[in-house]
Amino acid sequence: MQATTRYNYYEILELPANAPQHEVTVAYDRARSTYSGDNPAIYTIFSEHEARELLVLIEEAYQVLGNKILRNIYDQRLRNGLSSLNDLTYASILEASKQMYPEPKADKSVPAYKKDEAFEKEIAAQANWDGALLKKVREYKNLTVQKVSEITKINSYYVTAIEAMDAGNLPAVVFVRGYVVQMAKALGLDDKKVADSYMKNFKNGLGK
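Rules behind the numbers
Residues numbered from 1 in each chain as written. Predicted model: local features only at pLDDT ≥ 70, side-chain atom pairs only at ≥ 80, totals over all residues. Heavy atoms only, no water. Buried < 20%, exposed > 50% of the residue type's maximum accessible area, 1.4 Å probe, protein only. Helix = DSSP H or I, 4+ residues; strand = E, 2+ residues; numbered from the N terminus. Contact = heavy atoms within 4.5 Å. Polar contact = N/O pair within 3.5 Å; in protein donor to acceptor, adjacent residues only side chain to side chain. Axes fitted to C-alpha atoms, helices over the stretch in contact; angles between N-to-C directions. Left-handed = near helix turned anticlockwise from the far one by under 90°. Nonpolar A, V, L, I, M, F, W, Y, C, P; charged D, E, K, R; others polar. Core = buried A, V, L, I, M, F, W, Y, C linked by side-chain atoms within 4.5 Å.

### Notes on helix α10 (residues 156–164)
For α10, the full list of buried residues reads Tyr157, Tyr158, Val159, Ala161, Ile162 and Glu163. The inward-facing, buried residues of α10 contact α3 (21–34), α4 (48–65), α8 (131–140), α9 (145–152), α11 (173–186) and α12 (191–206). For α10, the N-terminal cap is Asn155; the gap from its side-chain oxygen to the backbone nitrogen of Tyr157 is 2.8 Å.

### Describing the packing of helix α7 (residues 117–125) against α8
Each pair of packed helices can be described by the angle between their axes along with the distance between the axes. Taken N-terminus to C-terminus, the directions of α7 and α8 make an angle of 145°; their axes are 12 Å apart at the nearest point. Between α7 and α8 lies a crossing whose hand is left-handed. Two secondary-structure elements touch here, α7 through Phe119, Glu120, Glu122 and Ile123 and α8 through Lys136, Val137 and Tyr140. The class makeup of the residues in the contact of α7 with α8 is four nonpolar, no polar and three charged.

### Looking at the nonpolar core
Ranked by size, the top nonpolar core spans 56 residues in total, and within it Leu13 and Leu189 carry the most contacts. At seven residues, α4 tops the list of elements feeding residues into this core. Those residues within four positions of Leu13 in sequence are excluded, and the remaining contacts are Val24, Ala27, Tyr28, Arg30, Ala31, Ile58, Ala61, Tyr62 and Leu65.

### Focus on unusual backbone geometry
The backbone phi angle of Asn142 is positive, close to 60°, even though this residue is not glycine. For Asn142, the location among the structural elements is in the loop between α8 and α9. In this structure Asn142 comes out as partly exposed when scored by relative accessible area, which is 41%.

### A few points about the environment of Ser83
Locating Ser83 in the fold gives a position in the loop between α5 (68–80) and α6 (90–100). Those residues in contact with Ser83 that sit more than four places away from it in its chain are Arg77 and Leu88.

### Section: the side chain of Thr89
The residue Thr89 is located in the loop between α5 and α6 in this model. In this structure, Thr89 is in contact with Tyr7 and Tyr9, ignoring residues within four places of it in sequence.

Limitation: the analysis is restricted to geometry and does not speak to function.
See the structure below:
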């Protein structure tokens, strides 16, 4: 994808700029399905790496266009033609929205759970982390996929894929590590230890 279209989120989702809001979600679901690892035809057009990068772009496009406030800021910058590519990135748009609409303190409260001392010790001593174990800890702590998504700001689609270690539905490896770190923090785990172990297992799985 050329730099000039890298941040044209309408082109990424194949939407006209005047598309109504409800069509954004439809376009996002369609694009995600098209470029997912479940569609083998995509690899006749793009390499596996390129397909994963496209999934990242699709996710960014939805985060901006699927939010009315972010979309309004993006549209204004896109229309004036004076904005640099950096002004059109998701991070830049999000920062502008925070300046315009300061966020109240987020409610990061989590559901209570009954502690199992034996399992707590097992978690503390655990040196081999994979998706199944992350899921087990999440469920033990009474956290839904959606709650983890809310805490980490990671799309629930990716939370589920990380737990399944589903490389075909995850972005580039560097992004996966970042997601695992955030999930480990949300679960009250040693994020570095968890991420190092998880990524070793994840990369070994890619080689199979």
